[in-house]
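Overview (structure and organization)
Residues per chain, in single letters:
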Amino acid sequence: MAKAPFIADHPLIQHKVSMLRDVNTPSNQFRGLIKEITELLVYEATRDLPTCEVDVQTPLTIAKCRVIAGRKLAFVPILRAGLGMVDGGLELVPSARVGHIGMYRDEETLIPHPYYCKLPKDINERDVIVLDPMLATGGSAVDAIDQIKTKSPRSIKFMCIIAAPEGLKLLTEKHPDVQIYCACLDERLNENGYILPGLGDAGDRIFGTK
Ligand code: PRP
Ligand code: URA
């Protein structure tokens with residue numbers, strides 16, 4: 001049975017996504033917002049990490065405390081736009097490794113074209129969070145997760161900022177075991193495969209290439 005997607009309803013996330021959508025938000029502010037929203041989503045996506053008890057010496061006594069029980073994480077951004085989410089992930093989980101998957105969508109066919117894949121060697125011992133701000137048709141996410149699954153990681157989650165219903169449906173059908181986290185579910189795709197109302201081309205807005 002497919003896992004229900006986590007769609008954020010937190011006011012801080014909603015506020016920041018509204019600023020992200022604004023065509024007048026410049027690249028430097030856009031990057032900062034992507035990082036902050038990613039931090040808030042990673043906070044949710046790591047909620048199920050197992051913990052164990054340890055004794056900690058405080059200035060007064062010994063406290064029974066809980067720490068994360070040695071789970072290893074890897075963030076895998078889909079290039080280019082997923083790169084904008086990496087710093088937010090590492091801010092919360094500095095020990096995580098980072099893999100990269102390069103992929104671009106053909107503007108006419110909307111079919112993803114993979115061009116690069118470099119994953120941590122021990123990915124089979126890691127829980128993976130795939131990062132891409134935009135889940136449009138879902139083709140890029142499905143292909144990236146197909147590639148990652150060939151390396152048998154312990155688990156995979158997919159994290160985006162904005163999802164279209166079309167992408168959510170495809171990703172859930174193709175990878176029902178992958179838990180999806182998104183900041184906002186939008187209305188639909190337009191005839192060019194862009195998310196409406198969306199925020200435009202995420203890669204171009206992060207890197208200022210248009
Ligand atoms: C964007 C985005 C996703 C993809 C989503 O990347 O960052 O990777 O499109 O579309 P899909 O769900 O229909 O596959 P793009 O292909 O524009 O490449 P870029 O990040 O290099 O700009
Ligand atoms: N990729 C983007 O960057 N934006 C969209 O709306 C769709 C795909």
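For the structure, see preceding data.
Residues numbered from 1 in each chain as written. Chains lettered and ligands numbered in written order. Predicted model: local features only at pLDDT ≥ 70, side-chain atom pairs only at ≥ 80, totals over all residues. Heavy atoms only, no water.

So, the site of ligand 1
Put simply, the rule reads: Think of it this way: one heavy atom of a residue within 4 Å of a molecule or strand is enough to make that residue near it. Whenever two N or O atoms come within 3.5 Å, that pair is a polar contact, provided that in protein one can donate a hydrogen and the other can accept it, and provided that, for residues adjacent in sequence, both atoms are side-chain atoms. In short, Shrake-Rupley with a 1.4 Å probe defines the accessible areas, and a residue's cover is counted only from the protein chains shown.
Taken together, 15 residues lie near ligand 1, and Arg-105, Asp-132, Thr-137, Gly-138 and Ser-140 sit nearest. A distance of 2.9 Å is found between an oxygen atom of ligand 1 and a backbone nitrogen or oxygen belonging to Ala-136. In this structure, an oxygen atom belonging to ligand 1 sits 2.5 Å away from a side-chain N or O atom of Thr-137. Relative to its free-state accessible area of 500 Å², ligand 1 is covered by the protein chains to the extent of 90%.

Considering the site of ligand 2
Under the convention used in this document: Using protein atoms alone on a 1 Å grid, points that fit a 1.4 Å probe yet trap it form a cavity, whereas open point sets bounded by protein on both sides within 12 Å along at least five of seven lines form a pocket; residues with an atom within 4 Å of a point count as lining. Think of it this way: if more than half of a molecule's atoms are within 2 Å of a pocket's grid points, that molecule is in the pocket or cavity.
Neighbouring ligand 2 are Arg-105, Met-134, Ala-136, Gly-193, Tyr-194, Ile-195, Gly-200, Asp-201 and Ala-202. In this structure, an oxygen atom belonging to ligand 2 sits 2.8 Å away from a main-chain N or O atom of Ile-195. At a separation of 2.8 Å, an oxygen atom of ligand 2 approaches a polar backbone atom of Ala-202. About the coverage of ligand 2: the protein hides 89% of its 240 Å² of free accessible area. Judged by the proximity of its atoms to the pocket grid, ligand 2 belongs to the largest pocket.

What to know about the pattern of salt bridges
To keep things clear, this is the line we draw: Throughout this description, the term salt bridge denotes a Lys or Arg side-chain nitrogen within 4 Å of a carboxyl oxygen of Asp or Glu. The helix and strand labels rest on DSSP assignments: H or I over at least four residues marks a helix, E over at least two residues marks a strand, and numbering proceeds from the N terminus. Whether a residue is buried, partly exposed or exposed follows from its accessible area with a 1.4 Å probe, protein chains only, as a fraction of its type maximum: under 20%, in between, or over 50%, in that order.
A complete count under the given rule lists 15 salt bridges for this structure. Across the pair Asp-186 and Arg-21 runs a salt bridge, and its minimum N-O distance is 2.7 Å. Within this pair, whereas Asp-186 is found in the loop between β11 (179–185) and β12 (188–189), its partner Arg-21 is found in helix α1 (residues 11–21), the two being separated by 165 residues in sequence. Note that Arg-126 is salt-bridged to Asp-122, the shortest N-O span being 2.8 Å. When sorted by exposure, Arg-126 lands in the same class as Asp-122, which is buried. Within the structure, one salt-bridge network assembled from shared partners comprises Lys-72, Asp-122, Glu-125 and Arg-126.

Quick word on the packing of aromatic side chains
Inclusion rule: Pairs were defined over the aromatic rings of Phe, Tyr and Trp, the Trp ring being its six-membered one, requiring ring centres within 6.5 Å. Orientation was assigned from the angle between planes: stacked under 30 degrees, edge-to-face over 60, tilted for the rest. Charge-over-ring placement is defined geometrically: NZ (Lys) or CZ (Arg) within 6 Å of the ring centre, and within 35 degrees of the ring normal.
Counted according to the given criterion, the structure contains two aromatic pairs. Judged by centre distance (5.5 Å) and plane angle (40 degrees), the rings of Phe-6 and Tyr-181 are tilted. Linking Phe-6 in strand β1 (residues 6–7) with Tyr-181 in strand β11, this pair joins segments that are 175 residues apart in sequence. Both rings, one in Tyr-104 and one in Tyr-115, keep their centres 6.3 Å apart while their planes meet at 35 degrees; by these two values the pair is tilted. Pair noted here: Tyr-104 is in strand β6 (residues 100–105) and Tyr-115 is in strand β7 (residues 112–118), with a separation of 11 residues, a long-range link. Residue Tyr-104 is classed as partly exposed on the basis of its relative accessible area, which comes to 45%. The exposure class of Tyr-115 is partly exposed, given its relative accessible area of 46%. The aromatic ring of Tyr-194 is capped on one face by Arg-105, whose charged end is 5.6 Å from the ring centroid.

Digging into the side chain of Lys-16
Tracing the chain through its elements places Lys-16 in helix α1. Here Glu-36 takes part through its side chain, which lies 2.7 Å from a polar atom of the side chain of Lys-16.

Regarding the packing of helix α4 (residues 139–149) against helix α5 (residues 165–174)
The condition that has to hold: The axes used here are C-alpha line fits, helices contributing only the stretch in contact, and every angle between their N-to-C directions lies in the interval 0 to 180 degrees. For this classification, under 35 degrees means roughly parallel, over 145 means roughly antiparallel, 65 to 115 means roughly perpendicular, and everything else is oblique. Handedness of a crossing is defined here by the sense of rotation of the near helix relative to the far one, left-handed for an anticlockwise turn of less than a right angle and right-handed for a clockwise turn. Any two residues whose heavy atoms approach within 4.5 Å at even a single point are treated as in contact.
Their axes nearest at 9 Å, the elements α4 and α5 cross at an angle of 25 degrees. Comparing the axis directions of α4 and α5 gives the class roughly parallel. Every pair of crossing elements has a handedness; the one defined by α4 and α5 is right-handed. Across the interface between the two elements, Gly-139, Ala-141, Val-142 and Ile-145 from α4 touch Leu-170, Leu-171 and Lys-174 from α5.

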